[in-house]
Amino acid sequence: MITIEYNDEAFEYDAYALCRSFYPGEETEQRFMGEDAGCDSIRIFSDMEKRFVKLVIKAGEVLDHDFERELSCPDADEREFKWKWKLFFYDCMSEYTGRTLPWGALTGVRPIKLIGGIMNEQGREGLEDFLNDEYRVSRKKAELGIRISKNESALLKPYEYKGHSLYIGIPFCPSRCLYCSFLSYDYGKMKKHVAEYLECVEKELKAYVEIMGEKPSTVYIGGGTPTALNAAELDELLSMAEEYADAANTDEFTVEAGRPDSLDDEKFRVMKAHGVSRISVNPQTFKEDTLELIGRKHSVADVEKAFVAAREAGFDNINMDLILGLPGENAEDVRRTLDRAAELNPDSLTVHSLALKRSSKMTQWIAEHGAISGMDHDAAMEYALKTAESLKMEPYYLYRQKNIAGALENTGFAAEGKYGIYNILIMEEVQSIYAIGAGTVSKRVNQGDGSAVEITRCDTHKDLSLYLSDIQAMIERKRRLFGATD
Ligand code: SF4
């Protein structure tokens, strides 16, 4: 285990995030500076007033040699010092380990937002060099980031700081995946609550019409797995989306049909009848043993069957989610997964690098079984990019998560005209999102006077029974957020 000791909380997040990226899978503890640092410790003393920082690494079982460095930049202002501190810490860790990270010292989840901002300010010329020099971003990732930023900004233009999108969360799934950190109740066990849940969704939708008073740009029904509902319940839900949000006539009407074990011909017919324009059928992997291990309760053949049925039902915009770095998988497994996905020829691919979340069962699994994948994540991601390009897809959105495999990213690729607009909107925060359902977060994005963008949020209870019993309060939160009065 590595212990990070600090004397200034301002740097706690970055030190922890970067240390975890340089030492993935290693347990890392943080604490306020004490008397004795002990072995396997990284001690960071910072003096904000003097703009000084000293880093001391004490070797142990994980850290293999002692190390000391100092940084002094008395002329830096506070903001500058904070950035210099971060770069200093990154450079020290890079020198110490002899490694670099693909996204360098960037620890945020939205690198494209940052790249887009820089591009707007100083233009495209020399941007790779700038990202490399100032943020230590690798050339490959700088190029990818710039490419995505350009694609995104063209797609986002019609939505920037106007209108809103609607999200409806359905927190039920056929079973819980090992890596899941989302709100997800077992449909079989919670079935008796579904009717009441849909009643609450309808109450929310009625209030939504009053509060927003205009049609959404896009509608996304996610979760959970909305198609975990039976065909009649799904029909009821989609009828509501049509009645209250005219979902079929928006720019994009997506239903996350993620789990092949939740799909059948009847549900595809229901979705088609209600004008759903985009669905997601998510294999995650095409390796049978892994599917079983991660608790998906469906086979590779089920994925293929669901995909073919979706095409036969007339869906011409089908996304596939894949995860690279699942337990026990090597580079060859990942290549096979990408090749089989390509054979099915989806319209878009969302390629995730596995992220370890504390709330997932995966954390427990790793504690029992040890490290999960020794593969070269960077090479796997490269292969994903090549596969997408062979399908004539462009990368069009990207985000990162904490504790993400290989310190990499999640990337959305799509063929021309098959983009998931909602996905970019939620990530780049250029449009308000009105979110309905348990455990959802609504976001108001405001740039009324054209100056600084202001983002405010409100959430709903994650606990299902609390959400059901407190529905009026959930609605009132949104009424306040979006500035509507009774
Ligand atoms: S399908 Fe998605 S939401 Fe449901 S358990 Fe699996 S990861 Fe979680």
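Computed from a predicted structure; not experimentally measured.

Overview of helix α3 (residues 111-122)
Since the α-helix packs 3.6 residues into each turn, any two residues three or four apart lie on the same face.
Here is step 1: In a regular helix each residue adds 1.5 Å, so twelve residues correspond to 16 Å; α3 covers 17 Å between its end C-alpha atoms and thus fits that length.
Here is step 2: By the burial criterion, the buried members of α3 are P111, I112, I115, G116, I118 and M119. The buried residues of α3 occupy an angular sector of 165° when the element is viewed end-on, so they sit on one face. Away from the buried face of α3 by more than 90 degrees, exposed residues N120 and E121 are located.
Here is step 3: The inward-facing, buried residues of α3 abut α4 (127-135), α5 (139-156), β14 (393-399) and α15 (421-428).
Here is step 4: In the segment just after α3, G123 is the residue with positive phi, at about 85°.

Quick look at the sheet that holds strand β1 (residues 2-6)
Here is step 1: With mixed pairing, five strands are arranged side by side in an open sheet as β2-β1-β3-β4-β5. The open sheet terminates on both sides in strands that have one partner only, identified here as β2 (28-32) and β5 (67-72). Sheet twist, expressed as the mean angle between neighbouring strand axes with direction ignored, is 15°.
Here is step 2: When β1 meets β2, the two strands line up parallel, connected through five bridges.

Topic: the site of the ligand
Here is step 1: For the ligand, the full set of nearby residues is C173, S175, R176, C177, Y179, C180, S184, G224, T225, R259 and R296.
Here is step 2: Grouping the constituent residues of the shell around the ligand by class yields four nonpolar, four polar and three charged.

Considerations on the side chain of E329
Here is step 1: Mapped onto the secondary structure, E329 falls in the loop between β12 (318-324) and α12 (331-344).
Here is step 2: Among the polar contacts listed, one links the side chain of E329 to the side chain of T290, at a separation of 2.7 Å.

Description of the domain arrangement of the protein chain
By convention, interface size is frequently given as the accessible area that disappears when the constituent parts associate.
Here is step 1: What the domain assignment reports for the protein chain is domain 1 (2-97), domain 2 (111-156) and domain 3 (160-436).
Here is step 2: Inter-centroid distance (C-alpha atoms) of domain 1 to domain 2 is 27 Å.

A look at the pairing of strand β10 (residues 252-256)
For a regular strand, side chains alternate in direction, first toward one face of the sheet and then toward the other.
Here is step 1: Burial analysis of β10 places five of its five residues in the buried class, which makes it a mostly covered element.
Here is step 2: With burial as the criterion, each face of β10 is covered, one bearing E252, T254 and E256 and the other bearing F253 and V255.
Here is step 3: With four bridges connecting them, strand β9 (residues 218-223) and β10 associate as parallel partners. Within β10, the residue paired with Y220 across the bridge is T254.
Here is step 4: Remark: the β9/helix α8 (residues 231-245)/β10 crossover connection has right-handed handedness.

Digging into the pattern of salt bridges
Here is step 1: Scanning the entire structure with this criterion turns up 33 salt bridges.
Here is step 2: A salt bridge links K82 to E78; its shortest N-O distance comes to 3.6 Å. Separated by four residues within a single helix, K82 and E78 lie in helix α2 (residues 78-97), roughly one turn from each other.
Here is step 3: A residue is classified by how much of its surface remains accessible, and E78, at 42% relative accessible area, is partly exposed.
Here is step 4: A salt bridge links E429 to R457; the shortest N-O distance between them is 2.6 Å. With E429 in the loop between α15 and β16 (432-436) and R457 in strand β18 (residues 454-459), this residue pair connects regions lying 28 residues apart in the sequence.
Here is step 5: Judged by relative accessible area, E429 falls into the buried class, the value being 6%.
Here is step 6: Overall, R457 belongs to the partly exposed group, its relative accessible area being 47%.
Here is step 7: Connected through salt bridges with shared partners, the residues R110, K113, E429, K443 and R457 form a single ionic network.

Rules and cut-offs
In this convention, every chain numbers its residues from 1, walking through the sequence in written order. This being a predicted model, a pLDDT of at least 70 is required before a residue's local features are given, and a value of 80 or more before pairs of side-chain atoms are given or counted; all residues contribute to the totals for chains, interfaces and linings. No hydrogens and no water enter the side-chain calculation; it runs on all heavy atoms of the structure. Numbered from the N terminus, helices here are DSSP runs of H or I no shorter than four residues, and strands are runs of E no shorter than two. Helix span, as expected, comes to 1.5 Å for every residue beyond the first. Relative accessibility under 20% of the residue-type maximum defines a buried residue, over 50% an exposed one, and the middle range a partly exposed one, all with a 1.4 Å probe and only protein chains included. Each C-beta atom gives one direction from the helix axis, and the arc is the one those directions make. Between two residues, a contact is recorded if the distance between any of their heavy atoms is within 4.5 Å. A pair of strands counts as paired when DSSP detects no fewer than two bridges linking them. Only the contacting stretch of a helix is used when fitting its axis, a line to C-alpha atoms as for every element, and angles between N-to-C directions run 0 to 180 degrees. Whether a residue is near a molecule or strand depends on its heavy atoms: it is near if one of them lies within 4 Å of it. Each residue is assigned to one class: nonpolar for Ala, Val, Leu, Ile, Met, Phe, Trp, Tyr, Cys and Pro, charged for Asp, Glu, Lys and Arg, and polar for all the others, Gly among them. Side-chain atoms alone can form a polar contact between residues adjacent in sequence; in general such a contact is a pair of N or O atoms within 3.5 Å, and within protein one must be able to donate a hydrogen while the other accepts it. Residue ranges for the domains originate in an automatic or database domain assignment. Note on handedness: a clockwise path from strand one over the helix to strand two, with the strands aimed away from the viewer, defines a right-handed crossover. For this analysis, a salt bridge means a side-chain nitrogen from Lys or Arg found within 4 Å of a carboxyl oxygen belonging to Asp or Glu.

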